[in-house]
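# Overview (structure and organization)
Residue-level listing of the chains:
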There are 2 protein chains.
Amino acid sequence: MPTVQAYAAPDATSPLGPLALERRDPGPHDVAIDIAFCGICHSDLHQVRNEWGGSRYPMVPGHEIVGTVRAVGAHVTRFKPGDRVGVGCMVDSCRTCPSCAKGLEQFCQQGAAFTYNSTEMDRVTPTYGGYSSRIVVTESFVLRIPDRLDLAGAAPLLCAGITTYSPLRHWKVRAGDKVGVVGLGGLGHMAVKLAAALGAEVTLLSSSASKEADARRLGASAFGHTRDEATFKRFGGRFSLILDTVSAPHDYNKYLGMLQVDGAMVLLGVPPEPTPVAAFPLIGGRRSLGGSLIGGIAETQEMLDFCGQHGIVSDIEVLPVQQVNEAYERMLKSDVRYRFVLDMGTL
Amino acid sequence: MPTVQAYAAPDATSPLGPLALERRDPGPHDVAIDIAFCGICHSDLHQVRNEWGGSRYPMVPGHEIVGTVRAVGAHVTRFKPGDRVGVGCMVDSCRTCPSCAKGLEQFCQQGAAFTYNSTEMDRVTPTYGGYSSRIVVTESFVLRIPDRLDLAGAAPLLCAGITTYSPLRHWKVRAGDKVGVVGLGGLGHMAVKLAAALGAEVTLLSSSASKEADARRLGASAFGHTRDEATFKRFGGRFSLILDTVSAPHDYNKYLGMLQVDGAMVLLGVPPEPTPVAAFPLIGGRRSLGGSLIGGIAETQEMLDFCGQHGIVSDIEVLPVQQVNEAYERMLKSDVRYRFVLDMGTL
């Protein structure tokens, strides 16, 4: 088994540091990938610090992986050495349950094999993520990165991109639809770009008035300052879909009032505590409050191809992997516009 | 203007008593109806006692109205004297806004003219409901009651029936789908009957174990006792749709966990306070929490025709109108299986 370089969290409280990691030899259906870049997702930090419980250590985080194919197994048909590829939040699933059969591997009834802090489908072998020099992934869970896209900028598409694209598609956003995006961070800035590329009229809703210029640059046609109560009246009944990327506590009911009849507000962020929801804003307009989790593999490829057609990548700041601990601290202060990407060439 | 007999609440705290009421002469598009029966909806009590605020007095409640046509205006084409007809929660709407254009008059952007405790679309003339001997309603808001149905038993279809039928249709319940119904009261018992008639496998979820026999008689194939925590595990991930008819406080999150991937829980009852909702049960399964309000006029006729085909009426207890105050007290104790209907022949 080849040994590769990685950056790992030894436990929930120590900084990340170097770790030598064994990856499996590519099997007949496997693709071995030289990782070029890996995005930093806020969930990396949640899991490193065991904020959701059940974390496994040492943990090599990272599920926004891009690189080039180093080698392929004998039965691999879709990839060859040198191809630009990506790996997102999952590296396998049962492939047979009703969710997998519908292309919703993220809801695999056996539980998908997530890219790190999880196990392969044998439920024994730990998975290690993209803060590393190489990874070996079964062909079915490897994505193709369109040639047109900058490789580093494409990395966050594998999580932030699909997390925002999937609900835009599932809730059937079409040209001219009025879409609200709550929060302008890693997820929010991708939501604005993707919704605008789908032809929607996008309104960015933020507690920071200073985000307006960026929101408009990214594709929003309107801006609402959510510390101003007039915003909720001004946009009352406006949106067919609101994507809520904020994980800080906020009053869902005020946002639900900005939905049209049959509109949906979809949670992508997870506030620390349950949020009180009144029945009237839902009943009085047949509105709904939903949630969405990344997206399936086929839909992730569709998203990448869509980004290729529209020239969409993430706005990023590239850092050497040795600065990951500082990056986490800056991320906590929202001091990034809008996604950190680690350069694995520095490992 | 003809004077008709009615039963009215003079204010928020006094019992209902007789009132002589003026109804308009039928205009060219109007239908004058001799009211035979009127169901008692829990919302009658909420509004009589001003529990939602803004009540207008004297109030003649009642929006589950059935009777026979007494006279029609010159331009009325769909009804003639002697026809069996019904009137539900609305007597008019703007008819031109996007909601009305889609047949969702209950979400009319000008605000529908509700059958009582509201105004006609002139926003001046008060509306008075079905606890009365006659009513005059514009043809477009008059429904046809299928000949096969018992007239008294059909009365609650005009509110309880459409309130449960509309979400079953909107969320596309098909034969074999697994539907949960929370609560077995006026709404819940109609939800069980209608979902079963659509071919769904219905599970009744109730805090009263004593409701099981009735639930099965009405069409449920399974029963879950919600005071037993094992119920939530037993039915975990089971339902594509849960209709929640309960207005007492309860933990939505436990119920959301009983939804399949892409499942929806739809609120029909209004708890007194907002209910805390966690993001994880929504995100981890792309589930949604929605609400639904009665149904449009065309869908109400569709529901009545469906009930005609399937021989569905409400389980009722008929009372003379003079017992309405006692009926309210018994309704508060859930001492009715499952809907009171006032006999307007006793006025």
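Residues numbered from 1 in each chain as written. Chains lettered and ligands numbered in written order. Predicted model: local features only at pLDDT ≥ 70, side-chain atom pairs only at ≥ 80, totals over all residues. Heavy atoms only, no water.

## Observations concerning the overall build of chain A
Threshold: A run of H or I in DSSP counts as a helix once it spans at least four residues, and a run of E counts as a strand once it spans at least two, with each numbered from the N terminus. Radius of gyration here is computed from C-alpha atoms only, and the compact-globule reference equals 2.2 Å multiplied by the residue count raised to the power 0.38. Three labels apply to residues, based on accessible area from a 1.4 Å probe with only protein chains included: buried if under 20% of the type maximum, exposed if over 50%, partly exposed otherwise in between. Note on contacts: a residue pair is in contact if any heavy atoms of the two residues lie within 4.5 Å. Method for areas: the Shrake-Rupley scheme with a 1.4 Å probe, in which residue coverage is limited to the protein chains shown. Counted as positive: Lys and Arg. Counted as negative: Asp and Glu, with His and the chain ends omitted from the count. A charge is said to be at NZ when it belongs to Lys, at CZ for Arg, at CG for Asp and at CD for Glu.
A tally of helices and strands in chain A yields eleven helices and 18 strands. For 347 residues, the compact-globule estimate of 2.2 N^0.38 gives 20 Å, and chain A sits close to it at 20 Å. Each of the three principal axes of chain A carries a C-alpha extent, and together these read 60 × 40 × 35 Å. Per-residue burial for chain A yields a buried fraction of 58% across its 347 residues. Of the contacts made within chain A by residues no fewer than 6 positions apart, 66% connect residues no fewer than 24 positions apart. On chain A, roughly 13,000 Å² of surface is accessible, and the fraction owed to carbon and sulfur atoms is 50%. Across chain A, the mean location of the 33 positive side-chain charges is 6 Å away from that of the 35 negative side-chain charges.

## Some words on the sheet that holds strand 16 (residues 288-291) of chain B
The condition is simple: At least two DSSP bridges between two strands are required for those strands to pair. With axes taken as lines fitted to C-alpha atoms, and helix axes fitted only over the stretch in contact, angles between N-to-C directions fall between 0 and 180 degrees.
With mixed pairing, the twelve strands of this open sheet are ordered in space as 12(A)-11(A)-10(A)-13(A)-14(A)-16(A)-16(B)-14(B)-13(B)-10(B)-11(B)-12(B). On the outer flanks of this sheet lie strand 12 (222-225) of chain A together with strand 12 (222-225) of chain B, each paired with one strand and no other. Neighbour-to-neighbour, the strand axes of this sheet turn through a mean angle of 20 degrees, independent of strand direction.

## As for the relation of the copies chain B and chain A
Note the threshold: Alignment of the copies relies on least squares applied to C-alpha atoms, considering only residues that score at least 70 for pLDDT in both.
Superposing chain B onto chain A takes a rotation of 180 degrees combined with a translation of 0.0 Å along the rotation axis, leaving an RMSD of 0.0 Å. The transformation relating the two chain copies, once decomposed into turn and shift, fits a two-fold axis. For chain B, the smallest separation between a C-alpha atom and the rotation axis is recorded for B:Pro276, amounting to 1.9 Å. When the interface residues of chain B are mapped onto chain A, 100% of them again lie at the interface, so the same face is used by both copies.

## Quick notes on the domain arrangement of chain A
Residues and elements named next belong to chain A. Formally: As used throughout, domain bounds are those supplied by an automatic or database domain assignment. Summed over both partners, the accessible area lost on bringing two parts together, with a 1.4 Å probe, is the buried area. Counted as salt bridges are all cases of a side-chain nitrogen of Lys or Arg within 4 Å of a carboxyl oxygen of Asp or Glu. Note that Gly is not counted as nonpolar here; it falls among the polar residues with everything else outside the nonpolar set of Ala, Val, Leu, Ile, Met, Phe, Trp, Tyr, Cys and Pro and the charged set of Asp, Glu, Lys and Arg.
Structurally, chain A comprises domain 1 (3-159 + 295-346) and domain 2 (161-291). At the interface, 19 residues of domain 1 touch 20 residues of domain 2. Regarding the contact of domain 1 and domain 2, the summed buried area is about 1,700 Å², with carbon and sulfur atoms giving 56% of it. The salt bridge partner of Asp 214 is Arg 337, with a shortest N-O separation of 3.5 Å. The class makeup of the residues in the side of domain 1 that touches domain 2 is ten nonpolar, four polar and five charged.

## Focus on the side chain of A:Ser43
Residue and element names in this part refer to chain A. Assignment of secondary structure puts Ser 43 in helix 1 (residues 42-48). Residue class for Ser 43 comes out buried when judged on its relative accessible area of 11%. Here Ser 43 is in contact with Trp 52, His 63 and Tyr 116, once residues within four sequence places are set aside.

## Side note on the pattern of salt bridges
Counting across every chain of the model gives 42 salt bridges over all chains. A cluster of three or more residues bridged by salt bridges with shared partners is formed by A:Lys193, A:Asp214, A:Arg217, A:Asp315 and A:Arg337.

## Describing the pairing of strand 16 of chain B
Residue alternation in strand 16 of chain B divides its side chains into two sets, B:Ser288 and B:Gly290 and B:Leu289 and B:Gly291, and both sets are buried. Inspection of the sheet shows strand 16 (residues 288-291) of chain A paired to strand 16 of chain B by three bridges, in the antiparallel sense. Within strand 16 of chain B, the position partnered with A:Leu289 by the bridge is B:Leu289. In the sheet, strand 14 (residues 259-267) of chain B pairs with strand 16 of chain B via four bridges, with the strands oriented parallel. Paired with B:Ala264 across the strands is B:Ser288, a residue of strand 16 of chain B.

## Side note on the packing of helix 4 (residues 160-170) of chain B against helix 10 (residues 297-310) of chain B
Residues and elements named next belong to chain B. Note the threshold: Every angle not falling under 35 degrees, over 145, or within 65 to 115 is termed oblique; those three ranges are roughly parallel, roughly antiparallel and roughly perpendicular.
Relative orientation of the contacting elements helix 4 and helix 10 amounts to 100 degrees, with a least axis distance of 10 Å. Between helix 4 and helix 10, the angle falls in the class roughly perpendicular. Residues Gly 161, Ile 162, Tyr 165, Ser 166 and Arg 169 of helix 4 form the contact with helix 10, whose own contacting residues are Glu 299, Thr 300, Glu 302, Met 303 and Phe 306. For the contact of helix 4 with helix 10, the per-class residue count stands at four nonpolar, three polar and three charged.

## Some points on the interface of chain B and chain A
Interfaces are often sized by the accessible area lost when the parts come together. Put simply, the rule reads: Nitrogen and oxygen atoms within 3.5 Å of one another constitute a polar contact, given that in protein one can donate a hydrogen and the other can accept it, and given that sequence-neighbouring residues count only through two side-chain atoms.
Between chain B and chain A, the residue contacts involve 33 residues of the former and 33 residues of the latter. In this structure, the connection of chain B to chain A is made through zero salt bridges. Taken together, chain B and chain A are joined by seven residue pairs in polar contact (both at pLDDT 80 or more). Listing elements by their share of the side of chain B that touches chain A, those giving two or more residues are helix 4, strand 14, strand 15 (275-277), helix 9 (279-283) and strand 16 of chain B. Where strand 15 (residues 275-277) of chain A meets strand 15 of chain B, three bridges bridge the pair, whose relative direction is antiparallel. Paired with A:Thr275 across the strands is B:Val277, a residue of strand 15 of chain B.

## A few points about helix 10 of chain B
All names here are of chain B. What counts here: Helix span, as expected, comes to 1.5 Å for every residue beyond the first.
Between its first and last C-alpha atoms helix 10 spans 20 Å; for 14 residues at 1.5 Å apiece the expected length is 20 Å, and the two agree. For helix 10, every residue scored as buried is listed here: Ile 297, Glu 299, Thr 300, Gln 301, Met 303, Leu 304, Phe 306, Cys 307 and Gly 308. Each element contacted by the buried residues of helix 10 is listed here: strand 6 (90-92), strand 9 (143-144), helix 4 and helix 5 (186-197). Directly after helix 10, the chain includes Gly 311, whose backbone phi takes a positive value near 65 degrees.

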